[in-house]
Amino acid sequence: MRGFKTIKKQPTQPQSQPQYEVADVLNKLGSKLEDLGLNSWQLRTLFALKKCRTSALGGHIDACDECGNVSISYNSCRNRHCPKCQGRNREDWIQTRETELLPVPYFHVVFTLPEVLNKTALHEPKMLYDILFESAWETLQTFGKNKNLQMGMIAVLHTWGQNLSLHPHLHCIVPGGGVDESGAWKNIRSDGKFLFSVKALSKVFRAKFCEKLKANLKDKFNENQENEYEKIRQSLWEKPWVVYAKKPFGSPKSVVEYLGRYSHKIAVSNQRIRKIDAETVTFSYKDYRQKGIKKQMVLSHEEFIRRFAMHILPKRFVKIRHYGLLSSTWKREKLKILQQKLGIQTKEKPLSKVFQPKCSCCKVGNLVTIATFDLRGPPQWFLEMSQSQPTPKK
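Treat the numbers as computed from the prediction; the structure is a model and nothing was measured.

Trainee: For the sheet that holds strand β10 (residues 273-276), give the residues involved together with the corresponding values.
Mentor: Within the open sheet, the 3 strands sit side by side as β10-β11-β12. Their pairing is antiparallel. Strands with a single pairing partner mark the edges of an open sheet, and in this sheet they are β10 and β12 (293-300). Averaged over all pairs of adjacent strands, the angle between strand axes in this sheet comes to 25°, irrespective of strand direction. In the sheet, β10 pairs with strand β11 (residues 280-287) via 3 bridges, with the strands oriented antiparallel. When the sheet's bridge partners are listed, lysine 275 is paired in β11 with threonine 282. Sheet strands in contact with helix α9 (residues 301-309) are β10, β11 and β12, and its direction is about 115° off that of β12.

Right, dumping it as structure tokens:
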């Protein structure tokens, strides 16, 4: 390693680092955050986001193995709701999914819950979202069994609309067929251009969901509240539910790339925040009721964080689930056999790559960690080295 030169910098970020962050809104709120009526898990999550890549989480000192530049970076919170901590998780997830692809048509199916269930989602999120997953999969299973096929599904839960409103829905990737009793693959349709009737899917999905909801809520309501449940049930059957199926993807690989956009998405990215002032937050969104036209919304700090917190999932809740022939058990035992039958070479699961950040100074060398520190700050020798460096001329 060549001679050191020291540059103290803020946490490593992409060159297109957003000007504003969710953490900035949290810092503006300060102690007011605890007056928003949030539960302890939501507060704990928001405090983690607030501390992400700051001195509160400690950090590490890195040296470039090429030019000798020494720099400082602060640690990440690694929370799944953090706008700054999803990149690596997404890449690893996509790499693993690429080894599981089949040369068959894939469909993107979306199961959406009606707005009348938003109140239940706020008070019983785990129960409601579990029922959503179960009902969606059982719906597809029902249609698959009618054709004597074992189907598969990867489902990703999203709870938000573009304006941060509550809008629970599942993004599902579904192979357009399944395996029969002999283990052979069969498409739902010979041309591979159609899955199932969305109207039929919608009716079965609603029936299964309402049946499960009734069974789960029955134990939670006492006799005096029985009529309240009946009001919910009646409104659930007043309008058709939305189940949407997009046309098949161009290639199996494009399936993974497409789903990767959804797999580790959060309610709002830092890139969408346009302005933060003393009282309000301005962020961009797409209005899909007007063909996806881009608009901007202005909310108070309190309302912005209240909406953001609605999408903090319960502790240990699994938001990406694999079913049927895409479940971990099935893939472990039978996936390679099916891939061989379909004439594709099986791929081994890639080893997790050790993240090796590049030097921001020379853009060539790799950064090697030479010291770590806690919230008390960098070691004295680094501070002395930093102070001894001449101030660069402008």
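That shown, we press on.
Trainee: Would you mind going over the confidence of the model for the chain in detail, with residue names and values included?
Mentor: The predicted model of the chain averages 86 in pLDDT, with 88% of residues at 70 or higher. Within the chain, the lowest mean pLDDT, 48, falls on strand β1 (residues 5-6), and the highest, 97, falls on α9. The model gives residues 1-15 a pLDDT under 50, and that stretch makes 42 contacts with residues more than four places away or in other chains.

Trainee: Any chance you could break down the packing of aromatic side chains for me, citing the residues and the numbers?
Mentor: Applying the stated criterion across every chain yields a total of 11 aromatic pairs. Between the NZ or CZ atom of lysine 265 and the centre of the ring of tyrosine 262, over which it lies, the distance is 5.5 Å. Positioned over the ring face of phenylalanine 317 is arginine 321, at 4.8 Å from the centre of the ring.

Trainee: Which residues make up the packing of helix α1 (residues 22-29) against α9, and what are the values?
Mentor: Two elements in contact, α1 and α9, have axes whose closest approach is 10 Å; the angle formed by their N-to-C orientations is 125°. By the angle class used here, α1 and α9 are oblique. In this structure, the crossing between α1 and α9 has a hand that is left-handed. Across from Val22, Val25, Leu26, Lys28 and Leu29 in α1, the residues of α9 making contact are His301, Glu302, Phe304, Ile305 and Phe308.

Trainee: Explain the side chain of aspartate 287 to me, and be specific about the residues and the numbers.
Mentor: Structurally, aspartate 287 is set in strand β11. Side-chain polar atoms of aspartate 287 contact the side chain of lysine 295, separated by 2.8 Å. The residues touching aspartate 287, leaving out its near neighbours within four places in the chain, are Gly292, Ile293 and Lys295.

Trainee: Break down helix α6 (residues 198-218) for me, with residues and values.
Mentor: The first and last C-alpha atoms of α6 sit 30 Å apart over 21 residues, in line with the 30 Å expected at 1.5 Å per residue. For α6, the set of buried residues is Leu201, Ser202, Phe205, Arg206, Phe209, Cys210, Lys212, Leu213 and Leu217.

Trainee: I'd love a proper account of the pairing of strand β2 (residues 59-64), names of residues and values included.
Mentor: Each regular strand shows side chains that alternate between the opposite faces of the sheet. Burial of β2 is extensive: 5 of the 6 residues sit out of reach of the surface. As defined by bridge partners, β2 adjoins strand β3 (residues 69-74) across 5 bridges and the pair is classed as antiparallel. Opposite alanine 63, over in β3, you have valine 70 as the bridge partner. Two successive antiparallel strands, β2 and β3, enclose a turn made up of 4 residues, where glycine 68 displays a positive phi of approximately 85°. In the sheet, β2 pairs with strand β14 (residues 367-373) via 6 bridges, with the strands oriented antiparallel. If you follow glycine 59 over to β14, its bridge partner there is phenylalanine 373.

Trainee: Report on a positive patch on the surface, specifying residues and quantitative values.
Mentor: Together, Lys246, Arg261, Lys265, Arg274, Lys286 and Lys294 give the surface a local cluster of positive charge. Summarising the element assignment, lysine 246 is placed in the loop between β9 (243-245) and α8 (252-263).

Trainee: Describe α8, naming the residues involved and giving the relevant values.
Mentor: Look at α8: 17 Å from first C-alpha to last across 12 residues, which is about the 16 Å you get at 1.5 Å a residue. Along α8, the residues that are buried comprise Val255, Val256, Tyr258, Leu259, Gly260, Tyr262 and Ser263. On its buried face, α8 sits against α3 (87-98), β4 (106-112), β5 (152-160), β6 (166-175) and β13 (320-324).

Trainee: Before we move on, can you summarise the pattern of salt bridges with the specific residues and values?
Mentor: According to the stated counting rule, one finds 12 salt bridges in the structure shown. Where glutamate 21 meets lysine 84, a salt bridge forms, and the shortest distance between an N and an O atom there is 3.1 Å. Residue glutamate 21 is located in the loop between β1 and α1, and its partner lysine 84 is located in the loop between β3 and α3; the two are separated by 63 residues in the primary sequence. For glutamate 21, a relative accessible area of 11% translates into the label buried. Classification of lysine 84 by relative accessible area gives buried; the value is 16%. For the salt bridge of arginine 97 with glutamate 100, the shortest nitrogen-to-oxygen distance reads 2.9 Å. Here the two residues arginine 97 and glutamate 100 agree in accessibility, since each one is buried. Three or more residues joined by partner-sharing salt bridges are found here, namely Arg97, Glu100 and Lys331.

What counts as what
Counting from 1, residues in each chain are numbered in the order their sequence is written. Owing to the predicted nature of the model, reporting of local features is limited to residues with pLDDT of at least 70; listing and counting of side-chain atom pairs is limited to 80 or more, with chain, interface and lining totals taken over all residues. Computation of side-chain values covers all heavy atoms of the structure but excludes hydrogens and water. When DSSP locates at least two bridges between a pair of strands, those strands are taken to pair. Numbering of helices and strands starts at the N terminus; helices are DSSP runs of H or I of at least 4 residues and strands are runs of E of at least 2. Fitted lines through C-alpha atoms serve as axes, helices being fitted only where they are in contact, and the angles separating the N-to-C directions of these axes extend from 0 to 180 degrees. Contacts are residue-level and defined by heavy atoms, with any inter-residue pair within 4.5 Å sufficient. What pLDDT reports is the predictor's confidence in each residue, on a scale of 0 through 100. Ring geometry is summarised as follows: Phe, Tyr and Trp rings, the Trp one being its six-membered ring, pair when their centres sit within 6.5 Å, and such pairs are stacked at plane angles under 30 degrees, edge-to-face over 60 and tilted between the two. In this scheme, Lys NZ or Arg CZ marks a charge over a ring once it lies within 6 Å of the ring centre and within 35 degrees of the ring normal. Roughly parallel means an angle under 35 degrees; roughly antiparallel, over 145; roughly perpendicular, 65 to 115; everything else is oblique. Crossing handedness is read from the near helix: turned anticlockwise from the far helix by less than a right angle, it gives a left-handed crossing, and turned clockwise, a right-handed one. Two N or O atoms form a polar contact when they lie within 3.5 Å of each other; inside protein one atom must be a possible hydrogen donor and the other a possible acceptor, and for residues adjacent in sequence the pair counts only when both atoms belong to side chains. Helices are assigned an expected span. That span is 1.5 Å times one less than the residue count. Type-normalised accessible area, obtained with a 1.4 Å probe on protein chains alone, sets the label of each residue: buried when under 20%, exposed when over 50%, and partly exposed for intermediate values. Here the term patch refers to residues with relative accessible area over 30% and no salt bridge, with like charges joined within 9 Å and nonpolar side chains (Val, Leu, Ile, Met, Phe, Trp, Tyr) within 5 Å. Each accessible area is a Shrake-Rupley result for a 1.4 Å probe, and residues are judged covered by the shown protein chains and nothing else. One side-chain nitrogen of Lys or Arg within 4 Å of one carboxyl oxygen of Asp or Glu is enough to make a salt bridge. For the purpose of charge, His is not counted, nor are the chain termini; Lys and Arg are scored as positive and Asp and Glu as negative. Think of each charge as sitting on NZ of Lys, CZ of Arg, CG of Asp or CD of Glu.

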